[in-house]
Amino acid sequence: MPKIQKIELSNKHLALRIAAAAAFLVIGAAALAYAFQGFFSPSEDWTQISANSSELNCSADFTLLYRLGAAGKSASAENRALTSIYTDAAVKAYRLFNAEDHFEEITNVFDINEAPNSVLTVDPVLYDAFSTLEKCDSRALYLGPIYDRYENLFFCEDDFQTVYFDPYQDDAIRAEFEEVAAFAGDSDAVELELLGENQVRLRVSEEYLAYAEKNEISHFIDFFWLKNAFIVDYFASTLRDQGYTYGSISSFDGFSRNLDSESDTVYGYTLFDRIDSLIYPAAEMTYQKARSIVCLRDYPIDDEDSMLWYTFQNQEVRAPYIDLADGLPKAALKNLVAYSETSSCAEIALKLLPIYATDQFDSAALGQLAAMGVHSVWFQGTTLLHSESDLILNNLYEDGTVRFTAKMALD
């Protein structure tokens, strides 16, 4: 029987996480936060690879773990090579997916927004991301104006400030979000055309351009919370293309890619659930081979999550998932984990979004995903429901007061 590899991530931000634990966690905050990224508890040969650059990059959002020497190569040589590859990719991803700034010699999301109705040539990485959105028939990209406005909510330092950005507190904001959602959902109003050979054109109607000018809108498109899903996939493909498969890459906001398609190692992923203000390690999911995992949740874990979640003093939370139908932030479940051996994190997230960011949860929709090879885990009370009949679960949590059970949900 292969030994279960439990990969433990670093102690980055440990003090902040311990402080968070005092507020609302039932287990250690550092372990919880990193477990949500996907992998934990390493043997000695697992090493965290860090980006090494003075240039702005996105590596702070991610944790790259690698089993140096597993392929029979020099561990020190692999470490140097991985550091170089990861650093270059983190700098490139930061620039490509950036909707706020221009960078010389590249065309990024900011540049596309600045040049509506113009043909631009983009990097293949960005073109592939746009192609994935088109393939998944998702228009989440066009909610840019809402993301731009809503992002301000997450940087509020006190509840009284949120009234200027929260559609649930201000009817005018709610109406604005509904108007933008109507444009976002209309391909005649806005459409990113993929012209081949990495050329794109952001087609925007005269009506929408006039509306944008009147309402000071500059972000027609933006990846927002989906950005790290695409970046995790980019990191994973970059490493695999270079022959590095004995590792994992994960983000703080719930996107994980295990690259190990070679060995028989068994990996563990802890499934958490929130009950009132406490978060429990409900069970451990074990698996083998490469896998993409996505976790959507309606609550923050630590201070780093303030970029995408806002918690009011009454413990009500605003999460980043927006319903395209009306432009409002929604979460139909406390948390939803989905995974696949064939789909990327971005593909999974795009498929989950209309199921999760809605008023009414529809488990039948998860059954349709399961038929496509994307399986899910979610909770009903203290019952862990799952769509995969062969799912292996261990260490179901029980403390005498709270007891988790599990059952197949889509028989």
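To start, this report covers the structure provided alongside it. (Residues numbered from 1 in each chain as written. Predicted model: local features only at pLDDT ≥ 70, side-chain atom pairs only at ≥ 80, totals over all residues. Heavy atoms only, no water.)

Attention now goes to the overall build of the protein chain. Each helix and strand counted, the protein chain has 11 helices and 18 strands in total. Across the 411 residues in the protein chain, those meeting the buried criterion constitute 54%. In the protein chain, the proportion of contacts linking residues at least 24 apart, taken out of those at least 6 apart, comes to 66%. Put simply, the protein chain shows about 17,500 Å² of open surface, and 46% of that area lies on carbon and sulfur atoms. (Helix = DSSP H or I, 4+ residues; strand = E, 2+ residues; numbered from the N terminus. Buried < 20%, exposed > 50% of the residue type's maximum accessible area, 1.4 Å probe, protein only. Contact = heavy atoms within 4.5 Å. Areas by Shrake-Rupley, 256 points an atom, 1.4 Å probe, with all protein chains shown as cover.)

So, about empty space enclosed by the protein. This structure, assessed with the given rule, holds three cavities of 30 Å³ or more. Its volume calculated, the largest cavity comes out at about 50 Å³. As for the largest cavity, its lining consists of 11 residues, of which Leu271, Phe272, Asn335, Val337 and Phe379 are closest to the centre. When contributions to the lining of the largest cavity are tallied by element, the ones reaching two or more residues are β9 (266-275), β14 (335-340) and β15 (375-380). Looking at the lining of the largest cavity element by element, the count peaks at four residues for β9. The residue makeup of the lining of the largest cavity, split by class, is nine nonpolar, two polar and no charged. (1 Å grid on protein atoms, 1.4 Å probe; cavity = no way out; pocket = protein on both sides within 12 Å on 5 of 7 lines; lining within 4 Å. Points joined across faces, edges and corners; volume = space filled by probe spheres on them. Nonpolar A, V, L, I, M, F, W, Y, C, P; charged D, E, K, R; others polar.)

Turning next to the packing of helix α10 (residues 345-356) against helix α11 (residues 363-371). Remark: α10 packs on α11, axes separated minimally by 10 Å, with the N-to-C direction vectors making an angle of 165°. Considering their axes alone, α10 and α11 lie roughly antiparallel with respect to each other. As for how α10 packs across α11, the hand of that crossing is right-handed. Residues Lys351, Leu352 and Ile355 of α10 form the contact with α11, whose participating residues are Ala365, Leu366 and Leu369. A breakdown of the residues in the contact of α10 with α11 according to their chemical character gives five nonpolar, no polar and one charged. (Axes fitted to C-alpha atoms, helices over the stretch in contact; angles between N-to-C directions. Parallel < 35°, antiparallel > 145°, perpendicular 65-115°, else oblique. Left-handed = near helix turned anticlockwise from the far one by under 90°.)

With that out of the way, let us pick up the side chain of Arg67. As for its placement among the helices and strands, Arg67 is situated in strand β3 (residues 62-67). The side chain of Arg67 sits in the buried core without any salt bridge; Asp260 is the nearest counter-charge, 4.0 Å away. (Lys, Arg positive; Asp, Glu negative; His and termini not counted. Salt bridge = Lys/Arg side-chain N within 4 Å of Asp/Glu carboxyl O.)

One key point about sheets: their strands pair by backbone hydrogen bonds, in either a parallel or an antiparallel sense. Pairing is antiparallel across the open sheet formed by three strands, whose spatial order is β4-β6-β5. In the strand order of this sheet, the two ends are held by β4 (119-121) and β5 (190-196), each with one partner. Adjacent strand axes in the sheet meet at a mean angle of 30°, parallel and antiparallel pairs treated alike. When β4 meets strand β6 (residues 199-204), the two strands line up antiparallel, connected through three bridges. (Pairing = 2+ DSSP bridges.)

Burial analysis of β15 places five of its six residues in the buried class, the great majority of the element. Relative to β15, β14 runs antiparallel, the two sharing four bridges. For Ala338, the partnering residue across the bridge sits in β15 and is Ser376. Bridge count between β15 and strand β16 (residues 383-386): four bridges; the pairing is antiparallel. In the sheet register, Val377 faces β16, and the bridge partner there is His386. Hairpin connection from β15 to β16: two residues lie between these consecutive antiparallel strands, with Gly381 at a positive phi of about 65°.

This model, assessed by the stated rule, comprises 19 salt bridges. The residue Glu193 makes a salt bridge to Arg201 at a minimum N-O spacing of 2.7 Å.

The next point concerns the pairing of β3. Where burial is concerned, most of β3 is hidden: six out of the six residues are buried. Burial along β3 is two-sided: the face carrying Phe62, Leu64 and Tyr66 and the face carrying Thr63, Leu65 and Arg67 are both buried. As paired elements, strand β2 (residues 46-49) and β3 share four bridges and run antiparallel to each other. The residue bridging Ile49 from the neighbouring strand is Leu64, located in β3.

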